[in-house]
Amino acid sequence: MTATGKKLLVIDVAALSHGFEIEGLRSQTIHSVFPAVTCTVQASFRTASLPEKHGMVANGIFFRPLNRPLFWEQSARLVSGARIWENFRKTGKRVAMLFWQQSLGEDVDIILSPAPIHKHGGGIIQGCYSQPTRLYQNLCRRIGRPFKLRQYWGPLASWKVSEWIVDATLAVLEEPDMAPDLCFTYLPTIDYALQRENPDNGPGAGLAREKLKSQLSRLVRGAQARAYDTLIFGDYHIGPVRDAVLPNLALRQAGLMNVRVVKGMIYPDFYSSKAFAMADHEIAHVYVRCAGDAPAVEKVLKNMNGTDAVLDRKAQAAMGLNHANSGEFVLIAEQGKWLAYPWWLKRSDAPEYAGHVDIHNKPGYDPCELFFGWPPGTVSQDKTKIQGSHGQVGDGREVTWAASFSVPNQPANLVELAAAVQCWLDEGR
């Protein structure tokens, strides 16, 4: 690969697939990382390694010493392994991470990430964590408006949030004294629409794709004007789904997951449960406290309707997922279905957080937060509203990538693409 001497902008576009064409660049397809979820893919890209090495096995981990699932935690220390920019940065080059997961505390020069303050009496104070500290305030003044968290996640989430991210990214690239030589940014433009409605032909999905084309055009042209090369990649393929599968309900009914009742609401008891499923889109990590209970857990999982595969440790190793953070089993939903975290059926039994946007307390990913619920001020608990999901890999689930520079030896997956970027950085020193 011939180094251009230019700087590089890397754009992770959520759910970039479906034969998406990028203006001025040649779009190609590539396999993602398993599981194909945000945190796993981004950790794999920044380390050019599989989750068996870096440890981000999903969008959350089950922290065994605390018997507690931790979802969407942002510490960079959750990602193990050398970063692809380490040698590049040692030569005095500057690196920025904008809106990437697990970026707080990362060994880079510029960080920008949503970081709201949760108020004691409920509600939040919107804001972003930034490094340098005044970066976010300076960007708000320059752009003319603040970042809106409610457009980033929840019932009001939409393509509009990426307009702010595009503005912020371009502003960072032209900072006179601190512009990075390598900048990572993230666009969730089409992600929400593809989960809310049929990702193949929904009208909202079509609108979001058109907005994404405009946003990418702005970024590519803006990067070129500032002497940056550009690499764009999708992290996962969202396919249509119709039903949710409830592994925790099955484990509870089999006497393997325990609960506690508080004011009529059913909460999980992770301290005494023999097994628990941390559901995340189309996959779930199933944690088993004692090895002696593993056969009973495996039997329940294999007898569930709506599952495609139950991966034990040996099968996980074959997919690059066998890490201490992984569950004793990894459950994969059959095509057209997704895995949900609830362990109850009656709405009156639901824990208090089920009806709210609460990404940290819910022990699993909840796409129902993309819809308003009833009464007002709540989010939906209707799992039938979800029309698109992701997590699986394989033929028909490839993602799109494109670059403004030549990448030899066509990479087969995102880890190989990241390794190619590392070569570009090392040659460009």
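For the structure itself, look to the data block above.
Residues numbered from 1 in each chain as written. Predicted model: local features only at pLDDT ≥ 70, side-chain atom pairs only at ≥ 80, totals over all residues. Heavy atoms only, no water.

1. Remarks on the pairing of strand 9 (residues 128-131)
What you see with strand 9 is a clean split: Cys128 and Ser130 sit on the buried side and Tyr129 and Gln131 on the side with no burial. Here strand 6 (residues 110-114) runs beside strand 9; their pairing, made up of 4 bridges, is antiparallel. Paired with leucine 112 across the bridge in strand 9 is serine 130. (Buried < 20%, exposed > 50% of the residue type's maximum accessible area, 1.4 Å probe, protein only. Helix = DSSP H or I, 4+ residues; strand = E, 2+ residues; numbered from the N terminus. Pairing = 2+ DSSP bridges.)

2. Considering the pattern of salt bridges
Per the counting criterion, the structure on display carries 20 salt bridges. Ionic pairing is found between glutamate 106 and arginine 46, a salt bridge with its closest N-O pair at 3.0 Å. Of this pair, glutamate 106 sits in the loop between strand 5 (95-98) and strand 6 while arginine 46 sits in helix 1 (residues 38-47), placing them 60 residues apart in sequence. Using a relative accessible area of 7% as the deciding quantity, one classes glutamate 106 as buried. On the basis of relative accessible area, arginine 46 is assigned to the buried category, the value being 0%. (Salt bridge = Lys/Arg side-chain N within 4 Å of Asp/Glu carboxyl O.)

3. A few points about the packing of helix 1 against helix 11 (residues 414-427)
Think of two packed helices as two axes; the pair is described by the angle between the axes and how far apart they sit. The contact between helix 1 and helix 11 brings their axes to 7 Å, and the two run at 35 degrees. For helix 1 against helix 11, the interelement crossing comes out right-handed. Judged by residue contacts, Val41, Ser44 and Phe45 of helix 1 engage Leu414, Val415, Leu417, Ala418 and Val421 from helix 11. Per-class residue counts for the contact of helix 1 with helix 11 are 7 nonpolar, 1 polar and no charged. (Axes fitted to C-alpha atoms, helices over the stretch in contact; angles between N-to-C directions. Left-handed = near helix turned anticlockwise from the far one by under 90°. Contact = heavy atoms within 4.5 Å. Nonpolar A, V, L, I, M, F, W, Y, C, P; charged D, E, K, R; others polar.)

4. Section: the environment of serine 130
As for its position among the elements, serine 130 is in strand 9. What makes serine 130 buried here is its relative accessible area of 8%. Sequence-wise, serine 130 and isoleucine 111 are 19 residues apart; in three dimensions their C-alpha atoms are separated by 5.2 Å. Sequence-distant contacts of serine 130, defined by excluding residues within four places in its chain, comprise Ile111, Leu112, Leu135 and Tyr136. Polar contacts involving the side chain of serine 130 include one to the main-chain carbonyl oxygen of proline 132, which spans 3.1 Å. Side-chain polar atoms of serine 130 contact the backbone nitrogen of tyrosine 136, separated by 3.2 Å. (Polar contact = N/O pair within 3.5 Å; in protein donor to acceptor, adjacent residues only side chain to side chain.)

5. Some points on the nonpolar core
Note on soluble globular proteins: their nonpolar side chains tend to be buried together. Membership of the largest hydrophobic core comes to 137 residues, with the highest contact counts inside it found for Phe45, Phe99, Phe184, Leu231 and Leu251. Sort the elements by how many residues they give to this core and helix 5 (residues 160-173) lands first, with 9 residues. Not counting residues within four places of it along the chain, the set of residues in contact with phenylalanine 99 comprises Leu112, Pro114, Cys128, Phe147, Tyr152, Trp164, Ile165 and Tyr186. Counting residues in hydrophobic clusters, the runner-up holds 7 residues, among them Val57, Ile283, Leu321 and Val330. (Core = buried A, V, L, I, M, F, W, Y, C linked by side-chain atoms within 4.5 Å.)

6. Remarks on the state of the cysteines
By the definition in use, this model includes 0 disulfides. Its sulfur unpaired, cysteine 128 is 7.1 Å from the next cysteine sulfur, which belongs to cysteine 140. (Disulfide = S-S within 2.5 Å.)

7. What to know about the packing of aromatic side chains
Inspection of every chain in the model, using the stated rule, returns 23 aromatic pairs. Ring geometry for tryptophan 153 versus tyrosine 192: centroids 6.2 Å apart, planes at 55 degrees, classification tilted. Here the residue tryptophan 153 occupies a position in the loop between helix 4 (135-143) and helix 5, and tyrosine 192 occupies one in helix 6 (residues 191-196), the gap between them amounting to 39 residues. Grouping aromatic residues by their ring pairs yields a cluster made of Phe45, Trp85, Trp100, Phe184 and Phe233. (Phe/Tyr/Trp six-rings, centres within 6.5 Å; stacked < 30°, edge-to-face > 60°.)

8. With respect to the pairing of strand 10 (residues 182-187)
Most of strand 10 is tucked away: 6 of the 6 residues are buried. Alignment of strand 1 (residues 7-13) against strand 10, held across 6 bridges, turns out to be parallel. Counterpart to valine 10 in the pairing with strand 10 is phenylalanine 184. Taken together, the 3 bridges between strand 5 and strand 10 define a ladder with parallel strand orientation. By the bridge assignment for strand 10, valine 95 is matched with leucine 182.

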